[in-house]
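Letter by letter, the chains look like this.
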Amino acid sequence: MFRAALVWLGFAQPEHAAAHAGGHDHDHRHGHGGKHGHTHGVVDPTIATTTKGIWAIKWSFVILAITSALQLAVVFATGSVALLADTIHNIGDAVTAVPLWIAFRLARRPPSQRFTYGLGRVEDLAGIAIVGIILFSAAFAGYEAVSRLIHPQPITLLWAVAAAGVIGFVGNEAVAVFRIRVGREIDSAALIADGYHARTDGLTSLAVVLGAAGVWAGYPLADPIIGLLITVAILGIVWQSSKAVFTRMLDGVEPEVVAEITHAAEHVGAIRKVQRVRARWLGHRLTAELDVAVAGDTTVREAEAISADVEAAVAEHVPALATAHVRVRPQEGSDGGHAHGGHHSPAPVPLKGELAEGIIEIVDTPEGERFRFTASRLAPGAEIVAVIHRPGGVSETLSLAPEAGNTLRRVSRDAPSEPHEFDAHLQVRNAEREEVLPFRMMEPAGHVH
């Protein structure tokens, strides 16, 4: 265990490791979602899923541990209650890394027959332990402060108390600068917020200097009063952290996370509607379930491809995602959006190339029947033309223009001629290259013109 702790507290930035599911730092700059907050006992994915984020937490632990050790030595020498409260506060900030480290080690174990989702939930248990530690430290600091108010005791070496307060400020400021710098490098709002939190803790340490100055000026109760004020600050941390920890234990997620998942799924062109999204945290990884509506005549093979596209889109937008379970449903009250009077259009045809991937179909619009290509992937600046091969060597060419408000969906300006059973190809080109994607349209059996 001691050797593992030394490895975990490595004194050099590690090479890219398996901190992320893909084995690399994920630089997430889509800008779609809200900021992630970070509190004691809750691991934020923007930190925990990057090697550099974990590295920042390790060194923060080292700096705060050294700071707390120096302060604790002065507490024993002077008997200052204000310094004791501040030291407990800094120890609490440092010690939170220990149960989280244990949780990380357990969470890495693969799923088993008994724990089919793995042991990610152990991080929630670590969160409860951390809240308990902080609550105990607040109770102890408060008891000592009240005791000194009732039974005052002289404080010695006031210069050492003041110096220890300055040490607490310097240690927290070093952690603040470090976390903010690394947070900006990895685009982690949570780590930046942690940095500003450490800066606030540094100001709390300066309150110890104020208490020492009050005692030196002839106000001996200044020290326990400052100790009580720091205790109140610690209780505020307990309240904030307990809300976050128990929210996650009850499968609560931030509303912006659900909005981000929904937004990502809507990027897939074949999706008619995102009907339902559910998500929950398993440790610092996210599990999501989505019900999405597609055209009613979508085949099983096409539904499988659409499901894979949705999973990929959500994973790209939400770096903390571990798994996404996608259920493809037919759009209610629709046979696929292709019916118009007694007419039944051919089934949609999936196409895949270097420049474009998606589904080509004939749909009814207020202007009449039109060719529509719904892309799950489309090269920038691509132009699309559908070419229908008619008997006798005659070709029918239809240009597909972007649909209003949806650049991934292209619609023809004119209707394809009857019959709707033919060989054709989609011609896709941009400034760099051109490709041809052949396909065949087949009318439903028994259809008569």
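The structure this text deals with has already been given above.
Given the structure is predicted, the values throughout are model-derived calculations rather than measurements.

(A) Molecular detail of the sheet that holds strand S3 (residues 321-330). On the basis of which strands lie adjacent, the open sheet formed by 3 strands has the order S1-S2-S3 and mixed pairing. Every other strand in the sheet has two partners, leaving strand S1 (273-282) and S3 as the edge strands with one partner each. Pairwise comparison of adjacent strand axes, ignoring direction, gives a mean angle of 15 degrees for this sheet. The pairing of S1 with strand S2 (residues 285-294) spans 9 bridges and is classified as antiparallel. In the sheet register, Ala279 faces S2, and the bridge partner there is Ala288. In the packing of helix H11 (residues 300-317) onto the sheet, the strands contacted are S2 and S3, and the crossing angle to S3 comes to about 145 degrees.

(B) How the structure looks around the packing of helix H4 (residues 81-95) against helix H9 (residues 222-249). Viewed as axis vectors pointing N to C, H4 and H9 meet at an angle of 20 degrees, and their least axial separation amounts to 7 Å. Of the possible angle classes, the one that applies to H4 and H9 is roughly parallel. Of the two elements, H4 crosses H9, and the hand of that crossing is left-handed. Contacts between H4 and H9 involve Val81, Ala82, Ala85, Asp86 and His89 from the former and Asp223, Pro224, Ile226, Gly227, Ile230, Ile234 and Ile237 from the latter. Within the contact of H4 with H9, the residues separate by chemical class into 8 nonpolar, 2 polar and 2 charged.

(C) Representation of the packing of aromatic side chains. Evaluation of the coordinates by the stated rule reveals 2 aromatic pairs. With 6.2 Å between their ring centres and 80 degrees between their planes, Phe371 and Phe422 make a pair best called edge-to-face. You can see Phe371 sitting in strand S6 (residues 368-378) and its partner Phe422 sitting in strand S10 (residues 422-429), a full 51 residues away along the chain. The exposure classification of Phe371 matches that of Phe422, with both residues buried. With a centroid separation of 6.2 Å and an interplanar angle of 90 degrees, the aromatic rings of Phe371 and Phe439 are classed as edge-to-face. Taken together, the residues span a long stretch of sequence, with Phe371 in strand S6 and Phe439 in strand S11 (residues 434-441) at a distance of 68 residues. Like Phe371, the residue Phe439 is buried in the burial classification. What links up through ring pairs into an aromatic cluster is the set Phe371, Phe422 and Phe439.

(D) Here's a closer look at the sheet that holds strand S5 (residues 356-365). Across the sheet, which stays open at both edges, the 8 strands sit in the order S4-S5-S6-S9-S8-S7-S10-S11 with antiparallel pairing between neighbours. The sheet is open, and its two edges are formed by strand S4 (349-352) and S11, each paired on a single side. Averaged over all neighbouring strand pairs, the angle between strand axes comes to 25 degrees, with direction disregarded. By the bridge criterion, 7 bridges tie strand S7 (residues 383-390) to S10 in an arrangement that is antiparallel.

(E) Geometry of the environment of Asp309. With respect to the helices and strands, the residue Asp309 is situated in helix H11. Judged by relative accessible area, Asp309 falls into the partly exposed class, the value being 23%. A sequence separation of 40 residues divides Asp309 from Gly269, and the C-alpha atoms of the two residues are 9.4 Å apart. For Asp309, the residues in contact, after removing those within four places along its chain, are Val268 and Ser376.

(F) Seen up close, the pattern of salt bridges. Scanning the entire structure with this criterion turns up 12 salt bridges. Asp291 is the partner of Arg329 in a salt bridge, and the nearest nitrogen-oxygen pair spans 3.9 Å. Of the two residues, Arg329 is situated in strand S3 and Asp291 in strand S2; the sequence distance between them amounts to 38 residues. Linked by salt bridges that have partners in common, Arg278, Glu289, Asp291, Arg327 and Arg329 make up one network.

(G) Region of the structure containing H4. With 15 residues, H4 ought to run about 21 Å at 1.5 Å a step, and its terminal C-alpha atoms sit 20 Å apart, in line with that. A large share of H4 lies buried, amounting to 13 of its 15 residues.

(H) Layout of a nonpolar patch on the surface. On the surface, a cluster of nonpolar side chains totalling about 490 Å² of accessible area is made up of Leu125, Ile128, Phe246, Met249 and Leu250. Relative to the elements of secondary structure, Met249 occurs in helix H9. A residue is classified by how much of its surface remains accessible, and Met249, at 32% relative accessible area, is partly exposed.

About the thresholds
Residues numbered from 1 in each chain as written. Predicted model: local features only at pLDDT ≥ 70, side-chain atom pairs only at ≥ 80, totals over all residues. Heavy atoms only, no water. Pairing = 2+ DSSP bridges. Helix = DSSP H or I, 4+ residues; strand = E, 2+ residues; numbered from the N terminus. Axes fitted to C-alpha atoms, helices over the stretch in contact; angles between N-to-C directions. Contact = heavy atoms within 4.5 Å. Parallel < 35°, antiparallel > 145°, perpendicular 65-115°, else oblique. Left-handed = near helix turned anticlockwise from the far one by under 90°. Nonpolar A, V, L, I, M, F, W, Y, C, P; charged D, E, K, R; others polar. Phe/Tyr/Trp six-rings, centres within 6.5 Å; stacked < 30°, edge-to-face > 60°. Buried < 20%, exposed > 50% of the residue type's maximum accessible area, 1.4 Å probe, protein only. Salt bridge = Lys/Arg side-chain N within 4 Å of Asp/Glu carboxyl O. Expected span 1.5 Å × (residues − 1). Patch = residues over 30% accessible without salt bridge, like charges linked within 9 Å, V, L, I, M, F, W, Y side chains within 5 Å. Areas by Shrake-Rupley, 256 points an atom, 1.4 Å probe, with all protein chains shown as cover.

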